[in-house]
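Here's the letter readout for the chains.
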Amino acid sequence: MSKKKTEGGPKGLSPKRGTDRSAAIAELFRSFPGKQYTIKNLASASGGNDKEGRYRTREIVDDMLRQGTVVEALPGKYRLSTSQMPVYEGVVDLVPSGAAYVKVEGFDKDVYVDGRNTNHALQDDLVKLVIVRRKRNGDPEGEITEIVRRADKQYVGRVELTRNHAFVRVDSRKMPYDIFVYTKGMELSDGDKVVVKIKEWPADTKSPTGEILDVLGPAGDNDTEMHAILAEFNLPYKYPEEVEKAADAIPEAIPADEIARRRDFRGVTTFTIDPADAKDFDDALSVRSVGENKWEVGVHIADVTYYVKEEGIIEAEGRERATSVYLVDRTIPMLPEKLSNYLCSLRPLEEKLCFSAVFEIDADLNITGEWLGRTVIRSDRRFTYEEAQRIIETGEGDFSEEVLTLNMLAQKMRAERFRNGAITFGREEAKFTLDEKGKPTGVYFKVQKEANQLIEEFMLLANRKVAEFVGRKRGKGANAERTFVYRVHDKP
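The notes below deal with the structure included here. Not measured: the values here are computed from a predicted model. Going along each chain's sequence as written, the residues are numbered from 1 onward. With pLDDT at 70 or above as the cut-off, local features in this predicted model cover only qualifying residues; side-chain atom pairs require 80 or more to be listed or tallied, and sums for whole chains, interfaces and linings still use all residues. The basis for the side-chain values is all heavy atoms of the structure; hydrogens and waters are excluded.

Brief notes about the sheet that holds strand E14 (residues 270-274)
Pairing between two strands requires that DSSP report at least two bridges joining them. Secondary structure elements are defined from DSSP: runs of H or I of at least 4 residues count as helices, runs of E of at least 2 residues count as strands, and each element is numbered from the N terminus. In spatial order, the strands read E13-E20-E19-E16-E15-E14-E21; together these seven strands make up an open sheet with mixed pairing. The sheet terminates laterally at strand E13 (263-264) and strand E21 (381-384), the two strands that pair on one side only. Of the strand pairs in this sheet, strand E15 (residues 283-291) and strand E16 (residues 294-302) are connected by eight bridges, and their pairing is antiparallel. Residue pairing in the sheet places Gly291 in a bridge with Lys294 of E16. Packed onto the sheet, helix H9 (residues 385-394) meets E14 and E21 and runs at close to 90° relative to E21. Helix H10 (residues 400-419) rests against E14, E15, E16, strand E19 (351-362) and E21 of the sheet, and its axis sits at about 95° to E16. Any two residues whose heavy atoms approach within 4.5 Å at even a single point are treated as in contact. What counts as an axis is a line fitted to C-alpha atoms, over the stretch in contact for a helix, and the angles between N-to-C directions run from 0 to 180 degrees.

So, in structure tokens, the structure goes:
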């Protein structure tokens, strides 16, 4: 029986054998999606590397190229197209070399992506990727196929100027690329620190294009570098002009009718105890004798809600910031300076509005009365921790009787807490001495003494009693849906 010539190919390759070879090649690509094969490799693995086998293998591969099943990765080398691989989503973590690790939910290990295969992805971008191979140790290696969402990030770097444009060399090791920026009309000096945001990264360009958002000043200047730290972590280092104007418009005088609605502590000995470098004083203690070995102790917290109205522009800015930020030489407050350092700071000899927790307590720590509510106070003295500690150790100084009384109660409360199983989280805290320009000149370790513990114990007492008060109110009548913030810790 005569043999028929296979259409378009050499003699002797039957349809069944051709089908088997085609299936074997397809399975080979699927089984090792990142591996690159030559025609010779594929022919050998799918039935034979003779002239006929190579010819038929070439036909099969050409057909797969037309269908988009495989791609020619390098001249003469083929691999499975990424469009045929399972697709995963994850978040990018760049490394200084330009390579990346992608965190994919459900994967035991992050997926490594070579710098050539990142598809211009940047730190914290949400991307789609495929697994192109497994390393010898089983770790996955991938290729980013799509950027789903760019991270809303800004970067800090140093400007290098040319005539009409510039490059920003980014400080962060998580950004291994320079950013191209246009500088026309901007007042810039070579070497200035700037805040920049990436606007686009065309596929055919080596560097992303960005826009300068702010010029921080000359590199090396203390204020410049402090603002750079904040900007790098996307923390605000200044207030929007409209927020500052809203704060400046708040009246400083407290209306008489507001004072009349509050419990008046202006005649009770009251003081604050804070670090020597504190700029705002947001809590105070008051104390007076109400019987033999019995005292009324008030824990007073500045009433910010009187000045910051719900849904107002200041409240929205504070909610966005969420907290104050503490740096070596300064604090960036959650609220504008007029509020944080003046109106809501319990400064000595000034009338201030507060929320207060007031307790009647005896020398055996029996609490015979408690009250929570709005108050008006007038602090008599601003103590530093060192000044209060000196009174505790010597028994001498302003309001020594009151300080010693509070310390006696605090030490008893502290001892009782530990008897009941409390844990101490005390640790050494490094502090810096700074020169007039804010540069560190020395370092020392902050020591926690009785003056620190005095404040800590009464704040813990107030927090516990407020929590108990809210807990009693839950589930009762109109307060059944009362919400409250609880701190939930992971299991150790």
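Once you've had a look at it, read on.
Here we look at the environment of Tyr101
By the element assignment, Tyr101 lies in strand E4 (residues 100-103). Each residue is assigned to one of three classes by its accessible area relative to the maximum for its type, calculated with a 1.4 Å probe on protein chains only: buried under 20%, partly exposed between the two thresholds, exposed over 50%. Residue Tyr101 is classed as partly exposed on the basis of its relative accessible area of 34%. Along the sequence, Tyr101 and Lys35 sit 66 residues apart, while their C-alpha atoms lie 20 Å from each other. Beyond its immediate stretch of four places on either side in the chain, Tyr101 contacts Val91, Val92, Asp93, Val95, Asp110, Val111 and Tyr112.

A short note on the state of the cysteines
In this description, the term disulfide denotes a pair of cysteine sulfurs within 2.5 Å. Counted according to the given criterion, the structure contains zero disulfides. The cysteine Cys344 is free of any disulfide, with Cys354 supplying the nearest cysteine sulfur at 9.4 Å.

Looking at the pairing of strand E20 (residues 367-378)
Across two bridges, E13 lies against E20 in parallel orientation. Bridging from a neighbouring strand, Asp264 pairs with Val376 of E20. As paired elements, E19 and E20 share 11 bridges and run antiparallel to each other. Bridge pairing links Ala357 to Leu372 in E20.

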